[in-house]
Structure formats: structure tokens, C-alpha cells
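# An overview of the molecular structure
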Amino acid sequence: MTTKAIVSIVLFLIVYILLLLLAIGLTIASVIGGFYIITFKLNAITIGFGIGLASLGFFILAFLFKFIFKKHKTDLSHLTEITEKTEPKLFHFINEIVKEVETDFPKKIYLSSDVNASVFYDSSFWSMFFPIKKNLQIGLGLVNTCTEQEFKAIMAHEFGHFSQKSMKVGSYVYNVNQVIFNMLYDNESFDKMIQQWANISGYFSIFVIIAVKIIEGIQWILKKMYEFININYLALSREMEFHADEVAANVAGYIPLKESLLRMDLANHSFNSVLGFYENKLIENIRSSNLYKEQSYVLKFLADKSSLPIKNDLPVVSPLDLSKFNKSKLVIKDQWASHPSTEERIVNLERLNITKNSTKEQLANLLFSDIEKLQENLTKKLFSFVDNADQLTSLQIEDFKTQYHTDFEDNSFNKIYNGYYDHKNPNYFDIVTATGVVNQNHNFEYFFNKENIDMIYDYIALENDKNMLVNIDNKTFAIKTFDYDGKKYKAQESSLLLPKIEKEIEELKVKITNNDVAIFSHFYQLAKDKEVGSELKSKYNQLFANDQLHDKKAELYTNLIEATEFLRVSTPFETIVTNLKTLKKIETELKKEIKLILENPLLQSDISASSRENFENYLKEDYVYFSNNEYRDKELHILSNAINDFSYYTSRNYFFLKKDLLNFQAELLSK
């Protein structure tokens, strides 16, 4: 894998040198040609053509050389450096692992706020030729969710990377990617330069157009080279992960690494849930006092909701818990993944079956001198990037617990449904016909049993598999082979599977719909007995009607995203003006929908003050987004927020209707 990665880099250098030689040749030819045109007959036309032709080669050369003048600085502002003086126990712990792995101690050790640990180094042009010492980054969100032995395994994994000579290849790939990125996407100043040159004279613009076409050809070649280099490097990167896992297993045993890997998604989700909670609180000038205490609470809270066992004060996640909702039969090797999947890593660890005796089951937090102070400092640092950081007040842990629990319940469906509606809505059926359906002696628990829950996830998996196979069939997703239901297929055979999967989808949809009808029938009988049958029918009809409207609104959102795509790339002035005219037509429909959102009684208490203000500003003005050959950022920001909030509150409206129906049904059981 290392050889393949190096060969791909060498090939890039050869291609780049060939492009450079051709550009130099073109420049010489265009200068000589321009000189002959001007000297052939000296007048305004020949001077214009001559200078224009001479500039052609220079623009190509400038394009190929401009990456040299781009500076890349590693941003360390989010990191906090720690030393042996402040953290002697941790440094001793790390030093013992370094000796066992037989590698070098990190140049520097940094703490970050997230749920991660990684190796990084200052990759520059010179790092490709001289040895550089690697830095270690430790996320407090990770330390907060593992035992000391698990942390030892994770650190041994990272020092496994320290020992890999193939890490050097990463430095080459990083710099090659910087060069390619610069020439593919970082062209704003270059585009302005050639646009200004083209505006001087119509003769110049002819050769600028030719130069742009040649540059587009170079960019096409670079895109192919980017794919070739990175596919080979990412394959190497995945192998390096397996190797680092083996180092970790030899140092700490495979079980601690396995258990921490299985818990990682839940640890990440818990941390992100806390951050998501504070996205809304920032509007009220409220921040966290300690994100990590809150992460620990959410970790256990979610574990309890999923009935996960607790060991060493941490949830135990099994491979079954990790994959119980993944019913897909389609297996595609992700050639763009930098890491193997968790499942692949666990299979590899279990194959090694290296065990180590350990009594270090206390939390890894205890390795730090004053973990609570560190947690509070990193929390404060994370919120320091907020605009009004000095005006924020801290929320205490008990208040967080109360508010998080309330928010969770407000945004969840009643647990009596056993998760049946978490990822599905009631399938459409004719209400009038369904009122005549008689419940076939099924009790409430039957409708939401494991078999029916599995049926939902089977349906979701089939739909996802179908969509992926359609993408493979029309070559949107370019692969050579894939596995389906344990059998290997060539990419061109994907169309053969689609009819079979579509038939399974239809059969399963009928079963799910029949269950939904039976559920309605069960609750309708209860509602009739309590003389609220018409109210239940009304809630179902309202949800079904909104379902159809929701699809149209989703289509409007997609159209808006497509219509504003040009704002995210370098676009000629004339095209910007044309695209904005198209956008204005779609905005008429957006403004109608926003008015409905502001008038919707279901959403009144849910619309935040900032969203309401942005909506009102957007509605009262017919904004101009581009004038004097420049974008107007303030107006575009209002538009962007309006589009995103429109999508969010459209979904919230549907959620409230669905929750209202499900709560109404639940109340029928209790009355």
C-alpha cells in the first residue's frame, strides 16, 4: 500500500512537470507569435492581438505556479498545550506506553475539547525532506468516556502511528493535495486578475477565453490525479489503522480497545447533544459551566433509554447494539474512507485475540491533576469563540439536567410505541374504509412488537439499498463490484437486482400499511367508546394532508439550494445576474411559505426570536444580492438563514402534528 501511494505521488510529479513544460513552450510560442503580429503591421488591432496572444502563455504559467505563493498555517487556537510540570501523572503514563511501543515521545501534547485522539505534525514543504517530530492531541470528550485501560489502548494506538514510517507518505500527500486544491478551488484572486485583463480590451478577452479553456483542461487532469493519489493513500491509511490497532492490542489487550470503539458513537452523540442544546441557549446568552459533566449525564441518560448495561460507571455497547437498526444487505467497500469501519476493526481485533490482565478500571479522568478545572477551562475556551462571549452566563449542572430531560421528552414520541414511529410516519390509507376494519383480536403490544419494529428497519434498509443500486446503475457512484446478501456482483449487474428489491419493498409496504390500519382501527374503537372518534379521524386526515404538502415544501427547499449553488463557487458576472433572476422567481414561493410559518399556531412558541426577526426582515424587503460587481453579504446572510429556517420549521410543523396524534392515541389508553 505504501508503494502504491508513493508511485501515485511520483506520477503526479511527472504529470505536473509535463504540464509545466508544455506551458513554458506555449508561453514562448505565444510571445514570439505576439511579437510577429505586432511587427507585421503596427496598428491598434495588431498591438491588441499581439499583446493578447503573448499574455495567453503567461496566464497558464501563473496558474501552474500560483500555489507557491499561498501560505498554510496550522490553526492551534482551539488547542491547549499541557506540560509534564502541570500533568506529571499523565506524562508518566504516556512515557510508559512510549517505552513499550519503542517509539519517540511527542514533541508537544495538546488538549482539545472533542471526542478524539490524533497524531499531527506541522506539514510544510520542508517536512517532505527532513524528519519532523509528531504532536499528540487528546480530546477531553474522549478521556471523559473511557477507563484508564481503555485510554491506554487508545494512546498505544496513536503511538502505533508514531512508529509508522509510512506516516511520511501522509506529508507528501498533504502537500500534493494543497497544490491540487489551490489550482482547482482557490482561484478567486486569479479569476479577478484575468477578468480585469479581459475588461481592458475585446482583443484581450479572446485570449483570456482560450486561456480559461486550457486551464479547465488542466483542472480536469488534476481532478483525475487527485482521485488516483487519494484512493491509493486512503487504502494505505486504512491499513495503518489496522496496524496501529495491533500495536494497541499488544500493549493493552484487545478488549479495552474493542469496548472503547463500540462506545465511541454514543460518546460522540452525547457530546454533540450537549453542544446542540447550547446552540439554542446561546440566543439567551447562556453557556455551559462544564460540558464534560453534562456529557457524562447525557451518556448515561441515553444508555438508560436504550437499556444498555453499565460497567465501571460507563455504558457497555455491544456489536449488536451498534448494528441492530442496520438491516442493509448491500456491502460496498468505501475506497474514500480514511479509517476502516468499527465493525471491521473489531473483527480484526478479535482475530488477534491478544489479552492482557489489568486492574486499571477507574475512569481515565483520574490521570489528570485537576480534571474539573481543565474541563471548565476548555469549556470556557470553546465558548470564547462566540461573538458575545463576555455576556454569557453559565448554566449549572442541575439546571442542565432538568432542561435537557424536558427538551428530550418534548422532542421524543411516547415510549409506549417502542420506537415504531421514530423513523417512520403512518402510511397513507383511506380513513373512511379503515373505520370499517375490525381489529382481529390483536392487543396493543402486538402492533409495536419486535417483529413489527424490525419490519420498519427492513423497509428503510431496502429503500436505501435500492437508491444506492440506482446510483451504481447510472454510474453516479462509480465502483467495480459490490456484495448483496452475501453474493458478489459486478457494477453493471446492479440493474438485475432492482426489480427483486422493488418487489420486496412493495410487499413490505403493504404489510406495514396493514399494521398502520390495524393500529388506527384499535384506537378508533377506543375513541368511539369515548365519543371522540371524529377527532381521531380529523388528526389522521390533517397529518396525511400535511404529508403531501411536506413533500412539495421539501421540493421547494431542494430548488432553493440548487438555485443558490452558484453563490458558493466562482461565477462570471453575467451568469450571476442571470442566476439571480431565476432565484427571484423561486423566492416568491419561499415568501408565501414563510408567511404561513409565522401565522402557524403550532409553531408560535417554537420560533426563536432570532429566526422570527430574520423572517420579518426578509419579508419586508426585496433584497438585491449583487451590485457594483460585488455580492452583498448582509443580504445573502438573511437569505441563507431564511432558507435554512424554512426547512427547519417545516419539519417541526410535521413533527408537532405527528406528536399530537400519537399523544392523543396514548391518552385514549389511559382514560
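Residues numbered from 1 in each chain as written. Predicted model: local features only at pLDDT ≥ 70, side-chain atom pairs only at ≥ 80, totals over all residues. Heavy atoms only, no water.

### Observations concerning the nonpolar core
In this structure, Phe482, Leu536, Tyr540 and Tyr618 are the most contacted members of the largest nonpolar core, which totals 77 residues. No other element matches the 16 residues that helix H22 (residues 633-670) contributes to this core. Excluding residues that lie within four positions of it along the chain, Tyr618 makes contacts with Glu587, Leu590, Lys591, Ile594, Tyr623, Tyr625, Ile638, Leu639 and Ala642. Listed in part, the 68 residues of the second largest apolar core include Ile94, Ile109, Leu367 and Phe400. (Core = buried A, V, L, I, M, F, W, Y, C linked by side-chain atoms within 4.5 Å. Buried < 20%, exposed > 50% of the residue type's maximum accessible area, 1.4 Å probe, protein only. Helix = DSSP H or I, 4+ residues; strand = E, 2+ residues; numbered from the N terminus. Contact = heavy atoms within 4.5 Å.)

### Description of the pattern of salt bridges
Two side chains with opposite charge may pair up if their charged atoms get near one another. As enumerated under the stated definition, the model contains 22 salt bridges in all. Glu372 is paired through a salt bridge with Lys293; the nearest N and O atoms lie 3.1 Å apart. Of this pair, Glu372 sits in helix H13 (residues 371-383) while Lys293 sits in helix H10 (residues 291-305), and the two are 79 residues apart along the sequence. Here Lys327 makes a salt bridge to Asp454, at a shortest N to O gap of 3.5 Å. Within this pair, whereas Lys327 is found in the loop between helix H11 (319-323) and strand E8 (330-331), its partner Asp454 is found in helix H17 (residues 450-473), the two being separated by 127 residues in sequence. One connected set of salt bridges, linked through shared partners, spans Lys327, Lys450 and Asp454. (Salt bridge = Lys/Arg side-chain N within 4 Å of Asp/Glu carboxyl O.)

### Comments concerning the sheet that holds E8
Pairing in this open sheet of three strands is antiparallel, and the strands run E8-E10-E11 from one edge to the other. Two strands in the sheet have a free side with no partner beyond their single neighbour: E8 and strand E11 (487-490). Bridge analysis of E8 against strand E10 (residues 481-484) gives two bridges, and the strand direction is antiparallel. Each residue of the ladder has a partner; that of Val331, found in E10, is Asp483. Where H17 meets the sheet, it contacts E8 and E10, and its direction lies at approximately 160° from that of E10. Along the sheet, helix H18 (residues 494-529) makes contact with E10 and E11, crossing E10 at roughly 25°. (Pairing = 2+ DSSP bridges. Axes fitted to C-alpha atoms, helices over the stretch in contact; angles between N-to-C directions.)

### Details of the pairing of strand E4 (residues 135-139)
Note on strand geometry: in a regular strand, side chains alternate between the two faces of the sheet. Judged by how many residues are buried, E4 sits mostly within the fold: five of five residues are covered. Residue alternation in E4 divides its side chains into two sets, Asn135, Gln137 and Gly139 and Leu136 and Ile138, and both sets are buried. Bridge count between strand E2 (residues 109-112) and E4: four bridges; the pairing is parallel. The partner of Ile109 across the bridge, within E4, is Leu136. As judged from the four bridges shared by strand E3 (residues 117-120) and E4, these two strands associate in the antiparallel manner. The partner of Ala117 across the bridge, within E4, is Ile138.

### What about the packing of aromatic side chains?
In the structure shown here, the tally under the stated rule is 46 aromatic pairs. Aromatic pair Tyr417 and Phe448: ring centres 5.2 Å apart, planes at 80°, arrangement edge-to-face. Separated by 31 residues along the polypeptide, Tyr417 in the loop between helix H14 (397-410) and helix H15 (431-434) and Phe448 in the loop between helix H16 (444-447) and H17 bring together distant segments of the chain. For the pair Tyr417 and Phe448, one class covers both residues: buried. An aromatic cluster of three or more residues is present, and its members are Phe277, Tyr278, Tyr297, Phe301, Phe383, Phe400, Tyr404 and Phe408. If you follow Lys539 out to its NZ or CZ, it ends over the ring of Phe664, 5.3 Å from the centre. Lys591 extends its terminal NZ or CZ atom over the ring of Tyr618, reaching a point 4.9 Å from the ring centre. (Phe/Tyr/Trp six-rings, centres within 6.5 Å; stacked < 30°, edge-to-face > 60°. Lys NZ or Arg CZ within 6 Å of the ring centre and 35° of its normal.)

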